[in-house]
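Spelled out from the first residue to the last, the chains are:
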Amino acid sequence: MNIQRIHHVAYRCKDAKQTVEFYRDLLDMEFLLAIAENEVPSTKAPDPYMHVFLDAGQGNVLAFFELPNSPDMDRDQNTPAWVQHIAFEVASMDELLAAKERLENAGLKVLGPTEHTIFKSIYFFDPNGHRIELAANTAKPGMLEELKRVAPAMLEEWAQTKKAPKHAAWLHGEGEFPGDNA
């Protein structure tokens, strides 16, 4: 199998028009297309929907379904609100800080920037309650390669202990990044 890229990622929304306006006007995503049906093509269920698609950059498409005949949407109550989110990359810290100001000026509550060592992020919620992250990469040379190198060992240790492995403790301020000693 040769996966080329993600074709689109789809989420549910409360109001398709409001959702398009939010992503178009605040995150500068182009509204690409809308598909509306009265019957679900895959199941043939009689369930009208509006399916909207937005350009999230570089061929990435973010889509939403408005489902007027379904119960009001909610999130997974067994999962903390910070876990499920959509993360988008911005080009620089200046762009991240400008986005934060723009969002706050539009009345949104924005958390961050939060330091993750290899990137910094801000967090906010869209009108549907989906948590959104904007991230600017800040990794030093070699950091991503080191994280990739230790990933299998970290995963194996996690599977055995369910405790955070220390293979990349430098990522969380414990010790120094091995590449700093070069």
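Before reading on, note that the structure itself is shown above.
All values reported here derive from a predicted model rather than from experimental measurement.

Caption draft 1: Summary view of the overall build of the protein chain. For the protein chain, the count of helices and strands is 3 helices and 8 strands. Of the regular secondary structure in the protein chain, the N- to C-terminal order runs β-α-β-β-β-β-α-β-β-β-α. Oriented by its inertia axes, the alpha-carbon framework of the protein chain measures out at about 60 × 40 × 35 Å. Counting only residues that meet the buried cut, the protein chain has 31% of its 182 residues in that class. Excluding contacts between residues fewer than 6 apart, the proportion of contacts in the protein chain whose partners are at least 24 apart in sequence is 48%. Carbon and sulfur atoms make up 54% of the accessible area of the protein chain, which amounts to about 12000 Å² in all. Across the protein chain, the centroid of the 18 positively charged side chains sits 4 Å from that of the 28 negatively charged ones.

Caption draft 2: Here's a closer look at the pattern of salt bridges. Tallying each qualifying case throughout the model produces 7 salt bridges. Note that Asp25 is salt-bridged to Arg24, the shortest N-O span being 2.7 Å. With a relative accessible area of 39%, Asp25 lands in the partly exposed category. For the salt bridge of Arg102 with Asp28, the shortest nitrogen-to-oxygen distance reads 2.8 Å. With Arg102 in helix α2 (residues 93–105) and Asp28 in the loop between α1 (16–27) and β2 (30–37), this residue pair connects regions lying 74 residues apart in the sequence.

Caption draft 3: Expanded view of the environment of Ala98. Topologically, Ala98 is positioned in helix α2. For Ala98, a relative accessible area of 43% translates into the label partly exposed. Spatially, the C-alpha atom of Ala98 lies 33 Å from that of Gln77, the residues being 21 residues apart in sequence.

Caption draft 4: Structural view of the nonpolar core. Tyr23, Leu27, Phe88, Leu103, Ile122, Phe124 and Leu134 are the most contacted members of the largest nonpolar core, which totals 25 residues. Looking at this core, the elements that each hand over two or more residues are α1, β3 (49–55), β4 (61–66), β5 (85–90), α2, β7 (119–125) and β8 (131–137). In terms of residue count, the dominant contributor to this core is α1 (6 residues). Residue contacts for Ile122: discarding those within four places in its chain leaves Leu96, Ala99, Lys100, Leu103, Val110, Leu111, Gly112, Pro113, Ile132, Glu133 and Leu134. The next biggest cluster of nonpolar side chains, apart from the first, holds 8 residues, and it includes Val150, Ala168, Trp170 and Leu171.

Caption draft 5: View of the sheet that holds β3. Taken in spatial order, the 4 strands line up as β1-β4-β3-β2 in an open sheet, and their pairing is mixed. Every interior strand has two partners, whereas the edge strands, β1 (9–13) and β2, have only one. Sheet twist, expressed as the mean angle between neighbouring strand axes with direction ignored, is 25°. As paired strands, β3 and β4 are joined by 6 bridges and run antiparallel to one another. Paired with His51 across the bridge in β4 is Phe65. Lying over the sheet, α1 contacts β1, β2, β3 and β4, oriented at roughly 5° with respect to β3.

Rules of the game
Residues numbered from 1 in each chain as written. Predicted model: local features only at pLDDT ≥ 70, side-chain atom pairs only at ≥ 80, totals over all residues. Heavy atoms only, no water. Helix = DSSP H or I, 4+ residues; strand = E, 2+ residues; numbered from the N terminus. Buried < 20%, exposed > 50% of the residue type's maximum accessible area, 1.4 Å probe, protein only. Contact = heavy atoms within 4.5 Å. Areas by Shrake-Rupley, 256 points an atom, 1.4 Å probe, with all protein chains shown as cover. Lys, Arg positive; Asp, Glu negative; His and termini not counted. Charge placed at Lys NZ, Arg CZ, Asp CG, Glu CD. Salt bridge = Lys/Arg side-chain N within 4 Å of Asp/Glu carboxyl O. Core = buried A, V, L, I, M, F, W, Y, C linked by side-chain atoms within 4.5 Å. Pairing = 2+ DSSP bridges. Axes fitted to C-alpha atoms, helices over the stretch in contact; angles between N-to-C directions.

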